[in-house]
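Structural features, examined
Here is what each chain is made of, one letter per residue.
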Amino acid sequence: MSKTLLIKNARMLVTMDDERREIADGAVFIRDNVIEQVGASADLPQQADEVIDATNHVVMPGLINTHHHMYQSLTRVIPAAQNGELFNWLTNLYPIWANLTPEMVHVSTLTAMSELILSGCTTSSDHLYIYPNGCKLDDSIEAAGKIGMRFHAARGSMSVGQSKGGLPPDRVVEEEGAILKDTQRLIETYHDAGRHAMQRVVVAPCSPFSVSRDLMKESAAMARAFGVSLHTHLAENANDIAYSREKFNMTPAEYAEDCGWVGHDVWHAHCVQLDDDGIYMFARTGTGIAHCPCSNMRLASGIAPIRKMLDADVSVGLGVDGSASNDAGHMMGEVRQAMLLQRVGYGPDAMTARQALEVATLGGAKVLNRDDIGALKPGMSADIVMFKLDGIGFAGALHDPVAALVFCTPPNVSYSIINGKVVVRDGRICSIDLPVVIESHNALAHQLALATGA
Ligand SMILES: [Zn+2]
């Protein structure tokens, strides 16, 4: 038996369809996990197994987070890492992360996903690249299943420790053969290539300064053999460029191309310092970018040339990045910062509110190589969020409620539907006991800091 769900009477329904329609008094009719009809409330079926009244709400496609390190929610605002740039920040945090446990990965993933979901996100990637003390990517994947989030789990890795000229300490790196073997196991166990998939696996060595050229190339070969995507960090700041020049005698973009890391199945985080040749090469090859404005500001990495990338037709999605360099995981907050930061760099018309929302929906879908999420139209996955407009944050802004979502104080959702299931109802997550998770998360964060003397 199929189950139907009707969302109706939306003050404004943002479709992100081909015409970018915004429908006043809009409605969405869902059957099981797929959108069947979108239109004016009067034109859609009036009955369904469940009906949600969206009066005084903006209804829109769920936001898509393309870059995160969820375990870092345990190491927010660590005093020694509050004020450094990327390499200094990493060097202070690696010893703490070396004490991670499987329980910490599981609980921090639930915490990070809760924060994302409450802020409007329905699909997230997570880049887990450190596996001490028996931690596995399975710990994150199980958490995603429990909470009900659409998940692209990226099997990160580090293999070049300090003794070989890399940045991470030797005790947190893995042997390359073991990395590839575990990556293949994860793809074979969890990857769902089908439409409306809730679970995909991504091959994701951490960065050019923490893995070898061999691992980059072998990862690309494995990803292509299994038809999965590739993800890493690239061209994040000036030190990152200097390392690439010194070690490889190439720009990061040239190195990526040399390793086979370009194409519609590849997306790179940050690219703050991507040069013009890199931008055009990314556009030509369909290579995607995860833009992380808060992290770029926090670590003073610079302003990514997103306006220029969009004009060149590069695929750009949005990412909150790990919570040790943000230190928030609020997706609508990130949309706001994306809009504001482009304006700081490139002028007041560099990015509109609607363009920022498009990056966070359609842009993210493209970067994750999906055509079934990011818009509300028939045949798409039923990932839908609802923002209520009667709060103090929107007072005086209701002449343009869609732009208000981005310009005003970042709101939390009142409802979130993921793959046709109501995951947030009346502002509360239904699938887990959030206060219990937060308490456990705080205890584990305390334990982690104590173990390291941070
Ligand atoms: Zn990152």
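In the nomenclature of an unreviewed UniProt entry, the protein chain corresponds to 8-oxoguanine deaminase from the organism Duganella aceris. Under the UniProt heading Sequence similarities (unreviewed entry), the entry covering the protein chain gives this text: "Belongs to the metallo-dependent hydrolases superfamily. ATZ/TRZ family."

Once that is clear, we can look at the coordination of the zinc ion. At 2.1 to 2.5 Å from the zinc ion lie its protein donor atoms, namely His67 (NE2), His69 (NE2), His233 (NE2) and Asp321 (OD). Classification of the site at the zinc ion rests on its four donor atoms, whose angles at the metal span 87 to 175 degrees, yielding the label irregular. Linear spacing of the donor residues for the zinc ion on their chain is H-x1-H-x163-H-x87-D. With His69 in the loop between β6 (63–65) and α1 (86–97) and His233 in strand β10 (residues 230–234), this residue pair connects regions lying 164 residues apart in the sequence.

The subject of this paragraph is a negative patch on the surface. Together, Glu254, Glu257, Asp275 and Asp277 make up a negatively charged patch on the protein surface. For Asp275, the position within the fold is in the loop between β11 (266–270) and α8 (276–285). Note on Asp275: relative accessible area 31%, which makes it partly exposed.

This brings us to helix α3 (residues 137–147). Buried residues dominate α3, accounting for eight of its 11 residues. If you check which residues of α3 are buried, you get Leu137, Asp138, Asp139, Ser140, Ile141, Ala143, Ala144 and Ile147. One or two steps after α3, the chain reaches Gly148, where phi turns positive at roughly 90 degrees.

A few words now on the environment of Ala328. You can see Ala328 is positioned in the loop between β13 (315–318) and α11 (331–346). Assessed through its relative accessible area of 31%, Ala328 is described here as partly exposed. For the pair formed by Ala328 and Ala112, sequence separation is 216 residues and the distance between their alpha carbons is 9.2 Å. Ignoring sequence-local partners within four residues, the contact set of Ala328 consists of Arg76, Glu115, Val320 and Ser323.

For helix α4 (residues 176–190), built from 15 residues, the straight-helix expectation of 21 Å at 1.5 Å per residue is met to within 8% by its first-to-last C-alpha distance of 21 Å. Among all positions in α4, only Ile179, Leu180, Asp182, Thr183, Leu186, Ile187 and Tyr190 are buried. All buried residues of α4 project into a common sector of 165 degrees when viewed along the axis, lining one side. Those residues of α4 that are exposed and aimed more than 90 degrees away from the buried face are Lys181 and Glu188. Elements in contact with the buried residues of α4: α3, β8 (150–157), β9 (199–205) and α5 (213–226). Sitting at the head of α4, Glu175 places a side-chain oxygen 3.1 Å from the backbone nitrogen of Gly177.

Calculation rules
Residues numbered from 1 in each chain as written. Predicted model: local features only at pLDDT ≥ 70, side-chain atom pairs only at ≥ 80, totals over all residues. Heavy atoms only, no water. UniProt positions renumbered as here; feature names shortened; annotations may be inferred. Donors = N, O, S within 2.8 Å, 3.2 Å for Na, K, Ca; no water. Tetrahedral: all angles 85-135°; square planar, octahedral: opposite > 155°, others 65-115°. Helix = DSSP H or I, 4+ residues; strand = E, 2+ residues; numbered from the N terminus. Patch = residues over 30% accessible without salt bridge, like charges linked within 9 Å, V, L, I, M, F, W, Y side chains within 5 Å. Areas by Shrake-Rupley, 256 points an atom, 1.4 Å probe, with all protein chains shown as cover. Salt bridge = Lys/Arg side-chain N within 4 Å of Asp/Glu carboxyl O. Lys, Arg positive; Asp, Glu negative; His and termini not counted. Charge placed at Lys NZ, Arg CZ, Asp CG, Glu CD. Buried < 20%, exposed > 50% of the residue type's maximum accessible area, 1.4 Å probe, protein only. Contact = heavy atoms within 4.5 Å. Expected span 1.5 Å × (residues − 1). Arc of directions from axis to C-beta. Polar contact = N/O pair within 3.5 Å; in protein donor to acceptor, adjacent residues only side chain to side chain.

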